[in-house]
Amino acid sequence: DGGITQSPKYLFRKEGQNVTLSCEQNLNHDAMYWYRQDPGQGLRLIYYSQIVNDFQKGDIAEGYSVSREKKESFPLTVTSAQKNPTAFYLCASSTQRTGLNAEAFFGQGTRLTVV
Amino acid sequence: AQTVTQSQPEMSVQEAETVTLSCTYDTSESDYYLFWYKQPPSRQMILVIRQEAYKQQNATENRFSVNFQKAAKSFSLKISDSQLGDAAMYFCAYRSVYGGATNKLIFGTGTLLAVQP
């Protein structure tokens, strides 16, 4: 089945550690996105990528890093510089083409907690 | 830069009644997509409805329909015959049709919909 997979579902990080959230899609989408969602809040864009080996900062990129070495994969690293990383993280992908199926497809999310 | 605004943080509706969720956006582009997504307690994002700006006809999907007013930059979602399963957070979103490195998907802050039995 085609889809977008995030792992792990739950992740715990100690203070000062870097952690990496995985996002893989087999939809042949060019564009991929990372969003952060805090309790009762909307989706804030962290990073996005429209093509392999290229990505752009979103509204809250500080303390995060990404890579896009393969079309299918867009991992997000939460670095120790991110002072308040506890949140729900959503990955999404979409086609660059116009017309049908222009919407984004989402993974099931990763809940990151600092312990 | 494009922005999306949802001015209703919370809404409530009686089961079987109709409710309308508001969304306004700002853009200088002439062609774009607008979406409504639903996020139930499971937190899985589910597409409710899609509208292409060049289409004047309002999109409908069963009990869900939109009122798309391009000149006013308004994109409201109407839910008819509300059901308990409609209770969720609803997000309005915008995406340009034009490609390029800076093409991004932008969300509003969401409206939490409660459905009363």
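Bear in mind that the values here come from a model prediction, so they are computed numbers and not experimental data.

**Overview of the pairing of strand S5 (residues 32–39) of chain B**
All names here are of chain B.
In step 1: Across the eight residues that make up S5, a large majority, eight, are buried.
In step 2: Burial along S5 is two-sided: Tyr32, Leu34, Trp36 and Lys38 facing one way and Tyr33, Phe35, Tyr37 and Gln39 facing the other are all buried.
In step 3: Sheet analysis places S5 next to strand S10 (residues 88–96), joined by eight bridges and oriented antiparallel. Bridge assignment links Lys38 to a residue of S10, and that residue is Tyr90.
In step 4: The sheet contact formed by S5 and strand S6 (residues 46–52) spans six bridges and is antiparallel. In the sheet register, Trp36 faces S6, and the bridge partner there is Ile49.

**Brief notes about the nonpolar core**
Side chains that are nonpolar tend, in soluble globular proteins, to be buried together.
In step 1: Counting 26 residues, the largest nonpolar core has Tyr25, Trp36, Phe75, Leu77 and Tyr90 of chain B as its most contacted members.
In step 2: The set of elements that each furnish at least two residues to this core consists of strand S3 (19–21), S5, S6, strand S8 (64–69), strand S9 (74–79), S10 and strand S12 (111–116) of chain B.
In step 3: Looking at which element gives the most residues to this core, the answer is S10 of chain B, with four residues.
In step 4: Tyr48 and Phe88 of chain A together with Ala93 and Phe107 of chain B belong to the second-largest nonpolar core, a separate cluster that totals 22 residues.

How each quantity is defined
- Residues numbered from 1 in each chain as written.
- Chains lettered and ligands numbered in written order.
- Predicted model: local features only at pLDDT ≥ 70, side-chain atom pairs only at ≥ 80, totals over all residues.
- Heavy atoms only, no water.
- Buried < 20%, exposed > 50% of the residue type's maximum accessible area, 1.4 Å probe, protein only.
- Helix = DSSP H or I, 4+ residues; strand = E, 2+ residues; numbered from the N terminus.
- Pairing = 2+ DSSP bridges.
- Core = buried A, V, L, I, M, F, W, Y, C linked by side-chain atoms within 4.5 Å.

All quantities given are derived from atomic positions and should not be read as evidence of function.
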